[in-house]
Amino acid sequence: MAVLIVAGLDTGGGAGLKADIETVSALGEHPLPVLTSVTYQNPSEVRGYHTLPPEVVREQIRAVRGSFKIGAVKIGMLGSREIAEAVKQETEGLTRVLDPVMESSTGAKLVDSVESVKVLILGSIVTPNVPEAEALSGLKIRSIEEMKEAAKVIAEELGAEAVVIKGGHLSYTDVLYWKGKLYEFPGERVEGFTHGTGCVFSSALAVFLAKGFELPETVERAKRFVEGSIRFSKAEARAVNPLWELERDAHRWRAKGELEEAVKELMELGEKLNPHVPEVGTNFALATPFSEVFAVKGRIVRYGGTIKPVGPVEFNASDHLRRALLKMREFYPEVRAVLNLRYSEELVEKAKKLGLVVSFYDRREEPEDVKRAEKGTMEWGIESAVKRVGKRPDLIYHLGDWGKEPMVLIFGRSAMEVVERVRALSSR
Ligand SMILES: Nc1ncnc2c1ncn2[C@@H]1O[C@H](COP(=O)(O)OP(=O)(O)OP(=O)(O)O)[C@@H](O)[C@H]1O
Ligand SMILES: Cc1ncc(CO)c(N)n1
């Protein structure tokens, strides 16, 4: 199924047509991109925009309308009244999702007037954020109750088929008014970059409508999709990541394979490694670029004179190593893997001889409040070891504490780098 997208181009690659295309593609449908305007912007600033002649917008839609099966159309930045009129005429009869884009998230105007957006409201599913809903309804919105009142006014007075007011500027709860009924979609704040959330939301809505879901279900699905695109956003983009689900799954797949290979390689060191396996067992963890962590279920244990993994490589199979790795990645994101061994003086000496950067933490230095909280020891330990050496440590050890075995953590930028380090450390 094809989804028609009528929108503006964001040169920062975060919002607008590019985010829409990615959303539609990532959700498995075919995007038909129609450009209304070129903006000059980055995630912090819109410098200006240039609208295309309405005839150019009209011709783009005409070129595809007859030759694709279009399930829905998402309409974003319109720019001018003339473009709005042309889009209205050319999209007659299609299921229309209108994101009434008026201003960018940075507060710059993206349309000549509110009236131009109103041209397309009749019969459309409209998705204003709170300021846009205020502009369309003339009401002040400070609460979920007031979102509901405004949604009703936009539907009843302006003739929208349905109204979804997005709560990104309020409490993260979205509200839908459809066929005389109100629905609430509770949400919680997700940490990450939010430039482009509105574009992704309305495109996802159009896709799910094209797939045939009923409105309340499409809103729920679109909201969850946006949450993922915030959570898995990337620093270099400073915007949402509509490809999050595909990328996350690809990274999971690769990390699992990489760790499985490395564990196999590690097993070759069986007899040499056996004396270095602690009472609690060894584990081996690998993080994806999204900081999801795989490890060996049940750990790697001593087995006769050799070693063996108890279970398979699985997602979230080691809480300790996951916490150590994620803390290390806050300082050195290139570090992706870690493995623990029993502490011994000779192991640490050997690491130093091999030229590895060695650091340690001492639980006697742990602040009382961290100790009492129980959970934070690992994080505190890694942080203090990192700060102690002032550069990226390859190996961190601690000498234990009451009931805690002394331990060595060996880090690496890949699972194989850790195996190579372990090989060198355990060779006689
Ligand atoms: N930090 C966040 N955490 C979780 N959900 C969020 C967050 N920010 C926005 N959302 C959700 O994202 C969707 C888009 O809402 P938002 O109000 O941000 O749209 P917008 O203002 O049009 O976006 P844009 O930044 O593209 O202009 C809604 O479902 C909203 O609840
Ligand atoms: C092109 C474009 N469309 C929509 C938005 C809204 O975020 C934006 N900033 N830029």
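Residues numbered from 1 in each chain as written. Chains lettered and ligands numbered in written order. Predicted model: local features only at pLDDT ≥ 70, side-chain atom pairs only at ≥ 80, totals over all residues. Heavy atoms only, no water.

Read from one edge of the open sheet, 7 strands run β14-β11-β10-β15-β18-β17-β16, paired in mixed fashion. If you trace the sheet from one side to the other, it starts and ends with β14 (313-315) and β16 (358-361), each paired once. Averaged over neighbouring strand pairs, the angle between their axes works out to 25 degrees when direction is ignored. The pairing of strand β10 (residues 284-287) with strand β11 (residues 293-296) spans 2 bridges and is antiparallel. Bridging from a neighbouring strand, Ala287 pairs with Val293 of β11. On the sheet, helix α9 (residues 244-267) packs against β10, β11, β14 and β15 (337-342) and is oriented at approximately 155 degrees with respect to β10. (Pairing = 2+ DSSP bridges. Helix = DSSP H or I, 4+ residues; strand = E, 2+ residues; numbered from the N terminus. Axes fitted to C-alpha atoms, helices over the stretch in contact; angles between N-to-C directions. Contact = heavy atoms within 4.5 Å.)

What follows deals with the domain arrangement of the chain. For the chain, the assigned domains are domain 1 (2-242) and domain 2 (247-426). Domain 1 and domain 2 are separated by 45 Å when their C-alpha centres are compared. (Domains from an automatic or database assignment.)

Ligand 2 sits among Gly8, Leu9, Ala15, Gly16, Thr39, Gln41, Met77, Val101, Ser104, Leu110, His195 and Cys199. Among the elements of the structure, β1 (2-9) and β2 (30-42) are those that each provide at least two residues to the shell around ligand 2. (Near = heavy atom within 4 Å.)

What follows concerns the sheet that holds strand β5 (residues 96-98). Pairing is mixed in the open sheet, where 9 strands are placed in the order β3-β2-β1-β4-β5-β6-β7-β8-β9. The two strands at the open ends of the sheet, each matched to only one other strand, are β3 (45-51) and β9 (181-185). Sheet analysis places strand β6 (residues 125-126) next to strand β7 (residues 162-165), joined by 2 bridges and oriented parallel. When the bridges of β7 are listed, Ile125 appears paired with Ala162. Most of the contacts of helix α6 (residues 144-158) go to strand β8 (residues 174-178), to which it runs at about 35 degrees, and overall it touches β7, β8 and β9.

Take the UniProt feature "domain: Pyridoxamine kinase/Phosphomethylpyrimidine kinase" (unreviewed entry) in the chain next. Feature annotation in UniProt assigns "domain: Pyridoxamine kinase/Phosphomethylpyrimidine kinase" (unreviewed entry) to the following positions: residues 10-233. A distance of 17 Å separates the end C-alpha atoms of residues 10-233, which is 41% helix and 20% strand. (UniProt positions renumbered as here; feature names shortened; annotations may be inferred.)

Let us look at the site of ligand 1. Near ligand 1 lie 19 residues; those nearest to it are Lys166, His169, Asp174, Val190 and Lys223. With respect to ligand 1, the side chain of Lys166 contributes an N or O atom lying 2.7 Å from an oxygen atom. Within the side chain of Asp174, one N or O atom sits 2.5 Å away from an oxygen atom of ligand 1. For ligand 1, the protein covers 94% of the area, taking 630 Å² as the surface of the free molecule. Mapped by element, the contributors of at least two residues to the shell around ligand 1 are α7 (197-210) and α8 (215-231). Each residue belonging to the shell around ligand 1 can be placed in one class, and the counts come to 5 nonpolar, 9 polar and 5 charged. (Polar contact = N/O pair within 3.5 Å; in protein donor to acceptor, adjacent residues only side chain to side chain. Areas by Shrake-Rupley, 256 points an atom, 1.4 Å probe, with all protein chains shown as cover. Nonpolar A, V, L, I, M, F, W, Y, C, P; charged D, E, K, R; others polar.)

Turning our attention to the side chain of Arg96. Topologically, Arg96 is positioned in strand β5. Glu92 is the oppositely charged side chain nearest to the buried, salt-bridge-free Arg96, at an N-O distance of 4.1 Å. Within the structure, the side chain of Arg96 is placed 3.0 Å from the side chain of Thr91, a separation counted as a polar contact. Filtering out sequence-adjacent residues up to four positions away, Arg96 remains in contact with Val73, Ile75, Lys88, Thr91, Leu120, Leu122, Ser124 and Ile125. (Buried < 20%, exposed > 50% of the residue type's maximum accessible area, 1.4 Å probe, protein only. Lys, Arg positive; Asp, Glu negative; His and termini not counted. Salt bridge = Lys/Arg side-chain N within 4 Å of Asp/Glu carboxyl O.)

So, about the packing of helix α11 (residues 319-331) against helix α14 (residues 377-389). At a minimum axis distance of 9 Å, the contact between α11 and α14 shows a crossing angle of 40 degrees. Our classification of the angle between α11 and α14 gives oblique. Where α11 crosses over α14, the handedness of that crossing is right-handed. The segment α11 lies against α14, with His320, Arg323, Ala324, Lys327, Met328 and Phe331 engaging Met378, Glu379, Ile382, Glu383, Val386 and Lys387. Residues that form the contact of α11 with α14 fall into these classes: 6 nonpolar, 1 polar and 5 charged. (Parallel < 35°, antiparallel > 145°, perpendicular 65-115°, else oblique. Left-handed = near helix turned anticlockwise from the far one by under 90°.)

An α-helical turn contains 3.6 residues, so a residue and the one three or four places further along point in the same direction. For helix α15 (residues 415-426), with 12 residues, the first-to-last C-alpha span of 16 Å sits near the 16 Å given by 1.5 Å per residue. All of the buried residues along α15 are Ala415, Glu417, Val418, Val419, Arg421, Val422, Leu425 and Ser426. (Expected span 1.5 Å × (residues − 1).)

A few words on the pattern of salt bridges. Under the definition given, this model contains 43 salt bridges. The shortest N-O distance in the salt bridge between Glu227 and Arg224 comes to 2.8 Å. With Glu227 and Arg224 both in helix α8 and 3 residues apart, this pair spans about one turn of that helix. Looking at Glu227, the relative accessible area reads 16%, which means it is buried. Note that Glu365 is salt-bridged to Arg388, the shortest N-O span being 3.2 Å. Note that Glu365 is positioned in the loop between β16 and α13 (368-373) and Arg388 in helix α14, a separation of 23 residues in sequence. Residues joined in a network through salt bridges with shared partners are Glu55, Arg58, Arg62 and Glu90.

Here the focus is the pairing of β15. Of all 6 residues in β15, 5 are buried, a share of seventy percent or more. Here β10 runs beside β15; their pairing, made up of 3 bridges, is antiparallel. Across the sheet, the residue bridging to Leu286 is Ala337, located in β15. As paired strands, β15 and strand β18 (residues 407-412) are joined by 6 bridges and run antiparallel to one another. Its bridge partner being in β18, Arg342 is matched across the sheet by Met407.

So, on to the pairing of β2. Pairing geometry for β1 and β2, over 8 bridges, is parallel. Residue pairing in the sheet places Val6 in a bridge with Val34 of β2. Summarising the sheet, β2 and β3 pair through 6 bridges and their orientation is antiparallel. Bridging across to β3, Thr39 finds its partner in Tyr49.

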